[in-house]
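This is what each chain is made of:
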Amino acid sequence: MSGLVDQHGRPLPPTTQKEQMGASIVGSRPAIADPIATLGLNPADVGALMRSAAEGNSRDWQIFCEIVEERDLHYLGVLSTRKRSVAQLPMNVEDAGSSRQQRKHGDFVRAWLDRGIAQRAAFDILDAIAKGFSVHEIFWHNEAGNYWPERLVYRPQRWFEISYQDGETIWLRDDASMSRPDVEGAVAEAVAQPLDQARTLVHRHPSWSGLTIRSGLTRAVAFNSLFKLFSSRDWGLFVQAYGIPIRIGKFDASATADDRATLWRALVDVAGAGACMIPQQMQLDFVEPKNGAGSNDTHERRIKWLDEQTSKAVLGQTGTTESRAGAHASGAIHRLVQEDIERADALLLAHTLNEQLVRQMIDYSFGPPKDGLYPRINIGRPDEAPVEVVIEAVQKLGPQGFKVGAKDIYSRLNLEPPEEGDERVGIAVPPQPALPASVTAPQQHAGRATASHFPTPTSQDEGQKEQLSLHAAVSALQNRPEGFVSRFLDALSRSLGRSAQGGLQRMSNAVQEAVLTATSYQELEEKLQKLNLPEEAFAEAMAEGMAVGHMAGQAAILAQMRQADHE
């Protein structure tokens, strides 16, 4: 750290940053892990590694954890599923409050999230699930009022040690221990290097309650994976012994040495060394295990059972990893269990980012907030009902008056509203006609109806004049005896129907004649273009019919209003 401090006396990250936890060619932090006796590992060896790690010397144990992930493909698969399911979750920022300064802090953290640095590092940060903790070295973007993590570099757990005194403190292995003759190759805590909190992101992810030194998930599956490797080896030996036919060559007493050599070459040249050669007078028997004890099914069932135990330990269930009858139905339920673990993992990851990155970003760039409140990174999907449930709710509750914004439905379906000119799918609901604002219902006082009042036209627009005339006609019809209005409208409708029928008949006759006399499609098209169809009569009748319909509606509304006043 440099000697620079902020206005509160807090040390600032150095302007020029060098790697503090990088690899060394020789020393206590090699880039390539030192080999350990993995080929001959047995339960006793694994137990010794676990005890050594619990006592504060976990280097060989951390190497073994890496080997387990490399060799147990099922453990690698479910562990990667758990890490990636959290790493791909959306991240958003919640402001500490509504003040201008708090919104500014939130925008600053949001701008950093948009760079994707935290999302890219999330998978490696979650390596703590398997090993109990993970460490990243932070490289800061140093600029006055603009401090943010520019890089988060993953450092292997075998480069660190957990103190056996408290089981929590993490130390960086220091090359100084290599020159200490009294250490004899072991890393002593006295010469280990403490972690710089301003340059280090440490994520602790306990798989159960307890100390970090014993909290890695690999401790729970180590023996399970070891037994699976034994079963896989036994299965391979069984296939080699019983899956390949054994060739037996026999020779009689008169066979010479050359004859025997020729017979042996013939045996091994057919399919490898799975052969033997005996005198013809001898007998060789192959005894197979009884009751299927050595069959393929025995080893396969054991390996599948061990894989199921690993799935339960890592994902909390087996429905999303094992295929069996009814797996679709059970998988949907088991997926809910996995989502519970996913949310818990996301909460732990968000806590680490907020406490070790967000606080430093705000403190270095703006100074510690006076109220002590910082913006928070939230990780996870919003708790939303499935689309099917939403649609069913709208269909059932809509007729009861339940309203939902169309934009919310579009958003849940990941669709955009159609724009002008777009081809549309579905049936458009026509808007309901509204009463003209200029219509005023007649009022009655003491059994006497008062005259209706209409606004005086203020323009010379012909459409407005026609509307006012129609209103006046409707008002006049209301003073007629009961039943007169309906009889008048019926008679007028029949008259308009006859007028429209005449115009339509003349148009149909002209088109029919053109179709019958045309000899080709082109000639028909030319005849139709030259026709002077009498559409004026039909159009005039349609316009009059629309006016009558409007008049009928207005008359019915006024009649209902008058009846309501009487009642």
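Residues numbered from 1 in each chain as written. Predicted model: local features only at pLDDT ≥ 70, side-chain atom pairs only at ≥ 80, totals over all residues. Heavy atoms only, no water.

Draft legend 1. Summary view of the overall build of the chain. When its secondary structure is counted, the chain shows 16 helices and twelve strands. Taking the intrachain contacts of the chain between residues at least 6 apart in sequence as the baseline, contacts between residues at least 24 apart amount to 67%. As displayed, the chain has an accessible area near 34,800 Å², and 55% of this comes from carbon and sulfur atoms. (Helix = DSSP H or I, 4+ residues; strand = E, 2+ residues; numbered from the N terminus. Contact = heavy atoms within 4.5 Å. Areas by Shrake-Rupley, 256 points an atom, 1.4 Å probe, with all protein chains shown as cover.)

Draft legend 2. Quick look at the sheet that holds strand S7 (residues 200–204). Read from one edge of the open sheet, three strands run S3-S2-S7, paired in antiparallel fashion. Only two strands of the sheet have a single neighbouring strand rather than two, namely strand S3 (148–155) and S7. Strand-to-strand twist across the sheet, computed as the mean angle between neighbouring axes with direction ignored, equals 30°. Bridge count for strand S2 (residues 133–141) against S3 is seven bridges, and the pairing is antiparallel. Looking at the pairing, His136 lines up with Tyr154 of S3. (Pairing = 2+ DSSP bridges. Axes fitted to C-alpha atoms, helices over the stretch in contact; angles between N-to-C directions.)

Draft legend 3. Looking closely at helix H4 (residues 100–113). In this model H4 runs 20 Å from its N-terminal to its C-terminal C-alpha over 14 residues, within 8% of the 20 Å that 1.5 Å per residue would give. Among the residues of H4, Gln102, His105, Gly106, Phe108, Val109, Trp112 and Leu113 are the ones counted as buried. Buried residues in H4, looked at end-on, bunch into an arc of 155°, giving them a common side. (Expected span 1.5 Å × (residues − 1). Buried < 20%, exposed > 50% of the residue type's maximum accessible area, 1.4 Å probe, protein only. Arc of directions from axis to C-beta.)

Draft legend 4. Region of interest: the nonpolar core. Ranked by size, the top nonpolar core spans 54 residues in total, and within it Trp61, Trp112, Ile377 and Ile379 carry the most contacts. If you tally residues by element for this core, the top one is helix H10 (residues 327–366), at nine residues. Val135, Ile170, Leu172 and Val202 belong to the second-largest nonpolar core, a separate cluster that totals ten residues. (Core = buried A, V, L, I, M, F, W, Y, C linked by side-chain atoms within 4.5 Å.)

Draft legend 5. Region of interest: the pairing of S2. Counting buried residues in S2 gives nine out of nine residues, a clear majority hidden from the surface. Of the strand pairs in this sheet, S2 and S7 are connected by five bridges, and their pairing is antiparallel. Note that in S7 the partner of His136 across the bridge is Leu201. In sequence, S2 turns back onto S3 through a hairpin of six residues, with Gly145 there showing a positive phi of about 75°.

Draft legend 6. A look at the packing of aromatic side chains. Tallying each qualifying case throughout the model produces five aromatic pairs. Between the aromatic rings of Phe108 and Phe366, the centroid separation amounts to 5.2 Å while the plane-to-plane angle is 90°, which identifies the pairing as edge-to-face. Taken together, the positions of Phe108 in helix H4 and Phe366 in helix H10 put the pair 258 residues apart, joining distant regions of the chain. Pairwise contacts between aromatic rings join Trp140, Tyr147 and Tyr364 into one cluster. Above the plane of the ring of Phe139 lies Arg151, whose end atom (NZ or CZ) is 4.1 Å from the centre. Geometry around Trp61 places Arg219 over its ring, the cationic atom sitting 5.7 Å from the centre. (Phe/Tyr/Trp six-rings, centres within 6.5 Å; stacked < 30°, edge-to-face > 60°. Lys NZ or Arg CZ within 6 Å of the ring centre and 35° of its normal.)

Draft legend 7. A look at a negative patch on the surface. On the surface, Glu416, Glu419, Glu420 and Asp422 cluster together into a patch of negative charge. Residue class for Glu416 comes out exposed when judged on its relative accessible area of 68%. (Patch = residues over 30% accessible without salt bridge, like charges linked within 9 Å, V, L, I, M, F, W, Y side chains within 5 Å. Salt bridge = Lys/Arg side-chain N within 4 Å of Asp/Glu carboxyl O. Lys, Arg positive; Asp, Glu negative; His and termini not counted. Charge placed at Lys NZ, Arg CZ, Asp CG, Glu CD.)

Draft legend 8. How the structure looks around the pattern of salt bridges. With the rule as written, the count across this model stands at 18 salt bridges. As a salt-bridge pair, Glu137 and Arg199 come within 3.0 Å of each other at their nearest N and O atoms. One end of the pair, Glu137, is in strand S2; the other, Arg199, is in the loop between strand S6 (193–194) and S7, and 62 residues separate them in sequence. Each member of the pair Glu137 and Arg199 is classed as buried. A network of salt bridges, in which partner residues are shared, links Glu69, Lys83, Asp127 and Lys131.

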